[in-house]
Every structure is written in structure tokens, then in C-alpha cells.
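Understanding the architecture of this molecule
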Amino acid sequence: MSSPPVAPAGWSRWLVPPAALSVHLSIGQAYAWSVFKPPLEAALHLDGTQSALPFQLAIVMLGLSAAFGGTLVERNGPRWAMTVALVCFCAGFLLSALGAGTRQYWLIVLGYGFVGGIGLGIGYISPVSTLIKWFPDRPGMATGIAIMGFGGGALIASPWSAQMLASFGGDNDGIALAFLVHGLSYAVFMTLGVLLVRVPRTGDGGGTASGPSGPSDLEGVQVSARGAVRTPQFWCLWIVLCMNVTAGIGILEKAAPMITDFFADSSAPVSASAAAGFVALLSAANMAGRIGWSSTSDLIGRKNIYRLYLGVGALMYLLIALFGDASKPLFVLCALVILSFYGGGFATVPAYLKDLFGTYQVGAIHGRLLTAWSTAGVLGPLIVNWIADRQKEAGKHGSSLYGLSFGIMIGLLVVGFVANELVRPVHARHHVPAPREAADAQRQQPA
Amino acid sequence: MPSDSSPPNRRGLITLAWLWVAAPLAYGVYELVHKATQLFTG
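Residues numbered from 1 in each chain as written. Chains lettered and ligands numbered in written order. Predicted model: local features only at pLDDT ≥ 70, side-chain atom pairs only at ≥ 80, totals over all residues. Heavy atoms only, no water.

1. Overview of the interface of chain B and chain A
Here is the rule: Residue contacts are counted whenever heavy atoms from the two residues lie within 4.5 Å of one another. Two parts lose some accessible area (1.4 Å probe) when they are put together, and adding that loss for both gives the buried area. Throughout this description, a polar contact denotes any pair of N or O atoms lying within 3.5 Å of each other; where both atoms belong to protein, one of them has to be capable of donating a hydrogen while the other can accept it, and for residues adjacent in sequence the pair is counted only when both atoms sit in side chains. Here a helix means four or more residues in a row that DSSP labels H or I, a strand means two or more in a row labelled E, and each is numbered from the N terminus. Only Asp, Glu, Lys and Arg are considered charged, only Ala, Val, Leu, Ile, Met, Phe, Trp, Tyr, Cys and Pro nonpolar, and every remaining residue, Gly among them, polar.
Taken together, the contact between chain B and chain A spans 25 residues of the former and 42 residues of the latter. Counting each side, the surface lost to burial between chain B and chain A is near 2700 Å², with a carbon and sulfur contribution of 77%. Between the two partners, chain B and chain A, sit 3 residue pairs in polar contact (both at pLDDT 80 or more). Elements with a minimum of two residues in the side of chain B that touches chain A: α1 (8-36) and α2 (38-41) of chain B. Sort the elements by how many residues they give to the side of chain B that touches chain A and α1 of chain B lands first, with 16 residues. Looking at the side of chain B that touches chain A, its residues break down into 17 nonpolar, 4 polar and 4 charged.

Right under this line is the structure:
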């Protein structure tokens, strides 16, 4: 087991966000997996379901490793976690390169999906607790920067991977070479995070902890990860996150066909390239929401910002359902707002957890909460796709394919809104006493 | 409250670290803007 890297005197807290970003910008590549699908299908004779398998397994492993590895991350510190993330994520690419080169598809599933997926989960939660400790005055902004990186990772990887495949060729050797270059490049890029990340010393960053194993704020509430999952607050937040993500995925997953269907019968139908532009714009809103709304939560409070995400989000869905097919700008604007709330919901939740449970094991609690993401990842697409298919079978077309889905999304957002209203401060019986180091630090302070 | 100002000997490292992550992100955002304009022109 490693000891957490404590910052030397004079270490700037502004070195920690780029350390976090180097990891999140890398692992965010997962959302650009679709670039590899067509060449893999052609080179290894796969169908669409098979070529999606590495991505699906990676997302499942993300949720599982974040949920079960969170306590280890808290115990061993961010450098250990970032090293594990680097090794797993990049080893996943190297195994995939071997798989593509030898035409063994199971190696790609094992490498990118299983091994790489562990890297995604551990990497996602690796900087969260540390950032909150360095920025106790602006936790929403700090975690927003890092989690924005996860959204930004796909923006970088998507054109980069496509250009690489165009240069190396779409056959199995070209794909293998592309995987190899990805693995090596990300290893170099993520090394910055491993080298730079530090936990605050006593008195730095507003915290008082000497490492990640002790509460940094003795004045505030501190709840262990095991204790947190026994509180109603944790499950209220679980519902809040699940509902907010489901609502966002509902649009994100079918964005291109949705805008095309909505204006199919209008005087200005949406072309395929314009629909691709719409998808790109949604990605920008998702990323901007992560840093923008999360930073705003430092000013207006976490409960209020989730009221905005869930309440105004429901209103946006209602506007699309009622008037979306009459006005393209209105449709686009509402979708952008919903996607910005989707990103904001992801980025604000660590700070919300810190407010409720303290910094003691906030990374581990965050890891457990991410199971809400995995659930929403299944729920959102299922609702929109299943209903659209049934409506199509019933002879409907255009915007009427989505009316029922939007009604369900509004209902889910209202459920999330109510769950957010039920969040109260955690009862004192769940609080943990300060560990010995923290108590010692308190004793050393002058009376 | 912590001070936002960093010692002078860390400024180079801070700049380098932020450039390290900002450069690829700027490339991604450029490609995104290029694609997003298709919504209005395509």
C-alpha cells in the first residue's frame, strides 16, 4: 500500500486541477469508442451489437470499480489511484492492439472493456476527494473542472482517433497500430497527473488533514462511506442523480434522429450534416454545464442548483413536447439547456456529497453513488428507444414518436425534484469521531 | 482561507501543467465548433 503524496511547503493548489484534468481528459475517450466500431466491424466481421461490447463492458466496469474501489482510493491516496487508472486504461489499449493484430476479438473485449473499464472507474473518482480538500471554498468549481474533462475527452479523442485510422488504414493492422498509439500516448499524458497530484498539508487549502485518511474539517460533519449508504440522504441523492442523468441521456442518445424526425414534415427539414452539428452542440452544452453550473452551485447552494436542473429541466421538456416541432431555435435551445443540466448534475454531485457527508470519505461515497449513472445509462436509452419503436409500429411519425417519452422524462424529473426536497442534514448518529491524527492536530492548536 | 497566489518558483510549472491539458482540449473544441457550425450551414 502506498502513502499519500503530501504537498511540500508552498505547493500551489492550482497544480491539482491540471493533474485531475490529465486523467479525466484521457479516460473521457470512452465516449469516442464509436469511432472504432465501423472499422472493427469490417475488419473482424462483427455486427453492431458485438462491436459495442467493449464500450458496454467498460461502462459497467466503470460503475463497479468506482463503487467497490472507492474505499481503496481514499485509503491509498490520489497518486496510487491515478497510477492504477493509468496502468489499467493504457494496458487495456495495449491488449486491444494485440487483439486486433491477431484477430482475437475477445482480447479487445477483455482489454478495452474489462481492464480499461477498471481504469475508467478508478480514474474518475481519483481526484475528487483531493480537489475538494484543496478547494474547500469552491468545491463545485474544482470538481467541475475535473468532471468537465471527462466530457472533453471525447471531443479530443473523436477527431484524433478518426484521423489516426484514416492514416493507418481501417484493416486489423491499422486498428492495432491505432490502439497501440492510443495506449502509449495516454500513458505519457496521464503521467502528469501522477507526478503533480498532492494532498494538502496541515493548513493548506483550508484543510487540516495530513493525508486522505482523516477528516480535513473537524468542525463539519464527517460520515464514513459505509455509514453514508445507510442514510436516506444518500438514497435521495442517488434518485436525484439517476433521474437527472436519465433525462439527459434521453436526448443525448437519440439526438440526431430526434431532430430529423421533429422537422421531417417542415419546410426546412434537417440534413444529416446539420444533425451531426446538433450532436456536437449538445456535447459543448454538456461540457459547459459541468464547469458553469457546478461553479454556480458554490454561490447559490447545492440544493438550489438541483432545483434548477430538475425543475427547469422538466419545463424544457414540456416546451419541446408542446412547441418543439413549431420552432427549430426553441427545440435546439431547450435541448441545449437540458444537456447543460445533465453535465452540471454530474459535476455538482461531489460537492453536494461533501456538504452532506464531509470530506472524510467523499471519494468512496461518490464512487458508490455512481451506480445511479449505470442505472440511468440503461433506463434513458431504453425508455426513448422502446417507446419510439412502439410508436413507429403504431403508425406514428415525426415529433409524435417522442411525446410519450418526454412525458415520462418530465415525470422522472419531478420525482428527482421531490427527492432533492427531501434532502436534510445527516443525523448525528451517522457521524464518525475524528481519527487519532486529526485529534492530535486539534490538540496541538493553541487554546 | 488559502491564498490564491503561488510562489514565483511554481509559476513555470503551473503554466506548463495548464498548457499540457489546455492544448489538446483546444484542439477538441476547435473540431467541435467546426462540426457544430454545420447545424446552421448544412
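Continuing now.
2. Here's the deal with the pattern of salt bridges
All names here are of chain A. Just so we agree on the cut-off: The rule for a salt bridge is simple: a side-chain nitrogen of Lys or Arg has to be within 4 Å of a carboxyl oxygen of Asp or Glu. Buried, partly exposed and exposed residues are distinguished by accessible area as a fraction of the type maximum, computed with a 1.4 Å probe on protein chains only: under 20%, between the cut-offs, and over 50%, respectively.
Within the structure shown, the criterion is met by 6 salt bridges over all chains. One salt bridge connects Arg 13 with Asp 137, and the closest N-O pair in it is separated by 3.0 Å. Taken as a pair, Arg 13 in the segment before α1 (16-27) and Asp 137 in the loop between α6 (128-134) and α7 (139-168) lie far apart in primary sequence, 124 residues in all. Judged by its relative accessible area of 4%, Arg 13 is buried. Asp 137 sits in the partly exposed class, given a relative accessible area of 28%. Between Glu 421 and Arg 307 there is a salt bridge, with the nearest N and O atoms lying 2.6 Å from each other. Placement of the pair is Glu 421 in helix α17 (residues 403-421) and Arg 307 in helix α13 (residues 302-323), with a sequence separation of 114 residues. Connected through salt bridges with shared partners, the residues Arg 13, Asp 137 and Arg 138 form a single ionic network.

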